[in-house]
Amino acid sequence: MADHGIGAADELSQLSLGGHGPEPPMPPPNLRTAGIIATDISDNFAAAVRTLEPGELVKDGFFTLFDSVAALEIMDPKMDSGCVQPGEEFEVLYDVSRPLLPEEVLGIMDQLLCHEMSWHLGYPLSQTIFTSVYVDALLMPAPGSIRQAKFIRNGHQDVNQEPMLDILRAYCLGMLKACGHVNERIKSEHFYEEEDFVPNTYNRTLLTEFPTQDVKDVLKAARETVESLKGSIPDSVSEALASRLDLRYIFLDATESPQYLKNLPKARLPWEEAIAILPRISSTHSLTKSVEDAFSTKLQRKLASTMPPRPIVQLKFDDAFNHLSRLLKDGLDVIGVLEYTNSQCLQNFVYTFQSKKPQPMVYVRTLLQTFLFNAMEILGSMSIRQLLDDDLSIITLPANPFLDRDNDEIEAVHDPRFVMSQKMELFRQKAAQPFLDIFRTACQNRCRVRRTLCHLIRDWENLQVDAEDIDQILQIKTKEPPLLQRSTLGLSPVETYSLPLSSWTYLYKLQQMEAIVQLGFELEVYQADELAGMYWYLNYLAKSRLQHTERIKTFVVRQAATVRSLHTIDPSQEAQLQRSLAYMRLSLMQAAVTWELSDALSCIYTVLNRYAIVKPPPRPYSNDQLRYDLRMRPFASIGLPSLPSFEEFTLGTKQPDTSTEELLEYAERAATGAKRGFETLSKYSAEDSFSVGSHEAWTASVKGALKACIAAGVAISSLRKALRRTVGDNGTGDVLHVTATVPTPDKAYHEWWIVPRIVPVVTMEMGN
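Residues numbered from 1 in each chain as written. Predicted model: local features only at pLDDT ≥ 70, side-chain atom pairs only at ≥ 80, totals over all residues. Heavy atoms only, no water.

Trainee: I'd like to hear about the overall build of the protein chain, residue by residue, with values.
Mentor: Looking only at helices and strands, one finds 23 helices and four strands in the protein chain. Buried positions account for 51% of the 768 residues belonging to the protein chain. Contacts in the protein chain between residues at least 24 apart in sequence constitute 77% of all its contacts with a sequence separation of at least 6. Total accessible area on the protein chain stands at roughly 37,500 Å², and carbon and sulfur atoms take up 55% of it. (Helix = DSSP H or I, 4+ residues; strand = E, 2+ residues; numbered from the N terminus. Buried < 20%, exposed > 50% of the residue type's maximum accessible area, 1.4 Å probe, protein only. Contact = heavy atoms within 4.5 Å. Areas by Shrake-Rupley, 256 points an atom, 1.4 Å probe, with all protein chains shown as cover.)

Trainee: Before we move on, can you summarise the packing of aromatic side chains with the specific residues and values?
Mentor: Under the counting rule described, the total for this entry stands at 25 aromatic pairs. On the numbers, 6.0 Å between centres and 5 degrees between planes, the contact of Phe 349 with Phe 353 is stacked. Remark: Phe 353 and Phe 349 occur in helix α11 (residues 343–354); sequence separation between them is four residues, near one turn of the helix. For the pair Trp 460 and Tyr 508, a centre-to-centre distance of 5.4 Å together with 25 degrees between the ring planes defines the contact as stacked. Of this pair, Trp 460 sits in helix α15 (residues 446–477) while Tyr 508 sits in helix α16 (residues 500–522), placing them 48 residues apart in sequence. (Phe/Tyr/Trp six-rings, centres within 6.5 Å; stacked < 30°, edge-to-face > 60°.)

Trainee: Can you lay out the environment of Pro 745 for me, pointing to particular residues and giving the numbers?
Mentor: For Pro 745, the position within the fold is in the loop between β3 (738–741) and β4 (757–760). With 10 residues separating them along the chain, Pro 745 and Val 755 place their C-alpha atoms 9.6 Å apart. Apart from residues lying up to four places away in sequence, Pro 745 is in contact with Phe 521, Glu 522, Glu 524, Glu 751 and Ile 754.

Trainee: If you had to explain the environment of Ser 580 to someone new, which residues and values would you point to?
Mentor: Tracing the sequence through the fold places Ser 580 in helix α18 (residues 571–610). Taking relative accessible area as the criterion, Ser 580 reaches 0% and is therefore assigned buried. When the C-alpha atoms of Ser 580 and Ile 394 are compared, they prove to be 4.6 Å apart, with 186 residues separating the residues in sequence.

Trainee: Report on the pattern of salt bridges, specifying residues and quantitative values.
Mentor: With the rule as written, the count across this model stands at 37 salt bridges. Close ionic contact of Arg 385 with Asp 389 constitutes a salt bridge, the shortest N to O distance being 3.5 Å. You can see Arg 385 and its partner Asp 389 sitting in helix α13 (residues 384–395), four residues apart, about one turn around the helix. The exposure classification of Arg 385 matches that of Asp 389, with both residues buried. A salt bridge links Glu 480 to Arg 558, with the nearest nitrogen and oxygen atoms 3.2 Å apart. Here Arg 558 lies in helix α17 (residues 531–564) and Glu 480 lies in the loop between α15 and β1 (483–485), a separation of 78 residues in the sequence. On the basis of relative accessible area, Glu 480 is assigned to the buried category, the value being 18%. Since its relative accessible area comes to 23%, Arg 558 is described here as partly exposed. Each of the salt bridges in this network shares a partner with another, and the network as a whole consists of Arg 223, Glu 227, Lys 230, Glu 239, Asp 246 and Arg 280. (Salt bridge = Lys/Arg side-chain N within 4 Å of Asp/Glu carboxyl O.)

Trainee: Hey, could you go over the packing of α15 against α16 for me, with residue numbers and the actual values?
Mentor: In the contact formed by α15 and α16, the axes pass within 8 Å of each other and the chain directions differ by 165 degrees. In terms of orientation, α15 and α16 fall into the roughly antiparallel class. Judged by the twist between their axes, the crossing of α15 over α16 is left-handed. The residue makeup of the contact of α15 with α16, split by class, is 19 nonpolar, five polar and seven charged. (Axes fitted to C-alpha atoms, helices over the stretch in contact; angles between N-to-C directions. Parallel < 35°, antiparallel > 145°, perpendicular 65-115°, else oblique. Left-handed = near helix turned anticlockwise from the far one by under 90°. Nonpolar A, V, L, I, M, F, W, Y, C, P; charged D, E, K, R; others polar.)

Trainee: Describe unusual backbone geometry, with residues and values.
Mentor: Backbone torsion omega between Lys 357 and Pro 358 reads -5 degrees, so that peptide bond is classified as cis. Examined against the element boundaries, Pro 358 turns out to sit in the loop between α11 and α12 (362–373). A cis geometry characterises the amide bond from Leu 640 onward to Pro 641, with omega recorded as 0 degrees. Mapped onto the elements of the fold, Pro 641 is located in the loop between α19 (624–632) and α20 (646–654). Positive phi is not limited to glycine here, since Ala 612 has a value of about 55 degrees. Its location among the elements puts Ala 612 in the loop between α18 and α19. Even without glycine at this site, Phe 690 takes up a positive phi of about 55 degrees. A residue is classified by how much of its surface remains accessible, and Phe 690, at 3% relative accessible area, is buried.

Trainee: Explain the pairing of β3 to me, using residue names and the numbers behind them.
Mentor: Of the two faces of β3, the one holding Val 738 and Ala 740 is buried and the one holding Thr 739 and Thr 741 is not buried anywhere. Note that β3 and β4 share four bridges and pair antiparallel. Bridge pairing in β4 links Val 738 to Pro 760. (Pairing = 2+ DSSP bridges.)

Trainee: Requested: an account of the side chain of Arg 365, with residues and values cited.
Mentor: Mapped onto the elements, Arg 365 comes out in helix α12. Within the local environment of Arg 365, its side chain forms a polar contact with the side chain of Asp 196, the two groups lying 3.2 Å apart. (Polar contact = N/O pair within 3.5 Å; in protein donor to acceptor, adjacent residues only side chain to side chain.)

Trainee: How would you summarise the nonpolar core if you had to cite specific residues and measurements?
Mentor: One finds Tyr 134, Leu 241, Leu 372, Trp 504 and Phe 678 to be the most contacted residues of the largest nonpolar core, which totals 211 residues. Counting the residues that make up this core, at least three belong to each of domain 1 (102–336) and domain 2 (348–747). Sequence-distant contacts of Trp 504, that is, excluding residues within four places in its chain, are made with Leu 388, Asp 391, Leu 392, Ile 395, Thr 396, Phe 427, Ala 431, Phe 435, Trp 460 and Leu 463. (Core = buried A, V, L, I, M, F, W, Y, C linked by side-chain atoms within 4.5 Å. Domains from an automatic or database assignment.)

Trainee: For α16, give the residues involved together with the corresponding values.
Mentor: Between its first and last C-alpha, α16 extends 33 Å over 23 residues, near the 33 Å set by a 1.5 Å rise per residue. Most of α16 is tucked away: 22 of the 23 residues are buried. Positioned one or two residues after α16, Glu 524 has a phi angle of 60 degrees, which is positive. (Expected span 1.5 Å × (residues − 1).)

Trainee: Account for helix α9 (residues 264–283), with residues named and values stated.
Mentor: Owing to its 3.6 residues per turn, the α-helix aligns residues three or four sequence positions apart on the same side. Counted at 1.5 Å a residue, the expected span for α9 with its 20 residues is 28 Å, and the 31 Å between its end C-alpha atoms agrees. Lining the buried residues of α9 we find α8 (235–255), α10 (317–334) and α12.

Trainee: A description of a nonpolar patch on the surface should follow, citing residues and the corresponding values.
Mentor: Residues Ile 41, Phe 45, Val 49, Leu 52 and Val 58 make up a contiguous nonpolar surface patch of roughly 490 Å² in combined accessible area. If you trace the backbone, Phe 45 turns up in helix α2 (residues 42–50). (Patch = residues over 30% accessible without salt bridge, like charges linked within 9 Å, V, L, I, M, F, W, Y side chains within 5 Å.)

Trainee: Please give an account of the side chain of Ser 296 that cites residues and values.
Mentor: As for its placement among the helices and strands, Ser 296 is situated in the loop between α9 and α10. At 3.1 Å, the side chain of Ser 296 forms a polar contact with the backbone nitrogen of Lys 298. If we skip the residues at most four places from it in the chain, Ser 296 touches Val 92, Thr 131 and Ile 312.

Trainee: Describe a negative patch on the surface, listing the residues and the values that go with them.
Mentor: A cluster of acidic side chains, namely Asp 404, Asp 406, Glu 409 and Glu 411, defines a negative patch on the protein surface. Among the secondary structure elements, Asp 404 is positioned in the loop between α13 and α14 (416–442). (Lys, Arg positive; Asp, Glu negative; His and termini not counted. Charge placed at Lys NZ, Arg CZ, Asp CG, Glu CD.)

Trainee: Account for the confidence of the model for the protein chain, with residues named and values stated.
Mentor: Here the protein chain shows a mean pLDDT of 89. Residues at 70 or above account for 89%. Looking over the protein chain, one finds the lowest element-wise mean pLDDT in helix α1 (residues 8–17), namely 39, and the highest in α16, namely 98. In this model, residues 1–21 is a region of pLDDT below 50 whose contacts with residues beyond four sequence positions or in other chains number 29 contacts. Counted against residues more than four places away or in other chains, residues 764–768, with its pLDDT under 50, gives four contacts. (pLDDT = per-residue confidence, 0-100.)

Put into structure tokens, the structure is as follows:
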């Protein structure tokens, strides 16, 4: 019985039926009979309990956890899926062999589509597809071949020839095979079970052992059956049936798109065809007739599951259709990742694609992982070394002999090129996993992205230590000449070295630290009264990134001058130099606008906190120091940039020595500077912004931030007017007659830039 998914609870339930219908429950024992002596043990029990220490448990060594759970489950309708109420039938009495109207077949197909989308959204099969009696008839017992996968198997074979049942069977087989592909694809990549997706099939098969072509042949035969029925059923119904069978056929092709990594048109074709079919399905949904009896929660009793019974997930067709449309559109868009331009364009594609609202479903996200990492190749054609070297040549090593492949052929130990080859390979081995983890992390849901980044920056911190050691060895072996830079203290010039590997590592670490803070705004991690402090810290990180990028640019410019001073320069070297300088311009601009806009918002929220316009929620068990420790915990182990102390954080956030008018003036200048910067960024081409393949989404993000700058300017103007009006009334300016509404990220112009909406309050005195 266990092989058929029937547990102990089910067995007891069936025994209680006795095969002759429900029996009345046994009466409770009579405590007043001569054979029972009742004793009140309440006082003794209370006295025994008082001898126990707090938290101490008393447990019989032979009473296991399984026994305790079973004791709770058996015959409890909420816990025991095999419990049968009086007058209720244990089995589903629906007859899968009964003739169906074409409209009923359409209704069952569309209901199955709703359940399929619910499964994609993260609900288990037990509450979705496996609640269909037709699916259950196909899968139980497990068919050995496609011929055995029929609603009726033993006898009455003529029933399976009924046209409508044959069409429904083909649809169900196509759906189950596609679900099998999806399930295997998701399980082969990195995802979070129960959080993103439930891959459990409850000891059922999703036709994974059947060749896809066999299922396609069944769908083709059903399509021919629909054509043969034209004239006997309305044309609109015939078109509706054909479109749904076509969708199942095409989606099977779409689920096999990873095998076409090197053939983009072929990889895109099924997704494009599926999107083209959607209007035909939507327009014919009104023809359907619901068959509610074809779905039942009683089928959960047959599943190999320890879960108590759960209700069927009811997703409306319009919602399911929207999810299907989004799934197909995102599936088509993700194919664009295969058009490789350079490592930075690839990163921008992944970041912008994964930051879509709503975020792509887990199946599409795992498809992206497959394209990126399948068979230890990047995009099916590149090695990890190629990707790393390409990125290094953009950021810190353009046209640099460190990346010359000819170095690998040098065998003389004392030759500097031999040292270059050995040390660069050592660095690649250490940097490969953290670098690839950037891409893999971006493919997760947004909450997991932030959580994983908090761990990932520690790997980059360790990598930076190793990179510094390798940089020093290369610096000595290659006899790199130092660069003299003016000291900030006005003393003699200071000798500095390029340190390309540690500079590259430090830049990525800074970017990820910023991303952790920015995702905190997007995910509503911070309370409204904390925004001033977190925008101040974001400003602190952006300032560090700007200064570091300027340092990198200095050495890139020197490398460009060195290479161009040669009489003959390779065109590929010139292209690398131009690309690196373009990246420096972009990176400097992005760091500058982040610095300025975060500075402006920090000042705005500081003013709102100062006048108690934004009030903190009650926190009986918290204080400023504890909240600081909590928010800075991800960065506590990072050596550089150093973590500001609590006193520095408090001083930077509250700015007690700066008047409100000065704060608002400074905020206005910062917001204006950020606005000019975002206006410049919005005009960047796909090549200049390193967003080839994702330029439209990248530009939309920049324009959203630009709108946030404009909104910040409006908020500052409103606060300044309120301040002048208040000072003019009573001469003190102790109270600002405004209210502030802090929007949620989905209501803001950009999810990282939360600009408050300031509304003046007209008081009675002001009215007089």
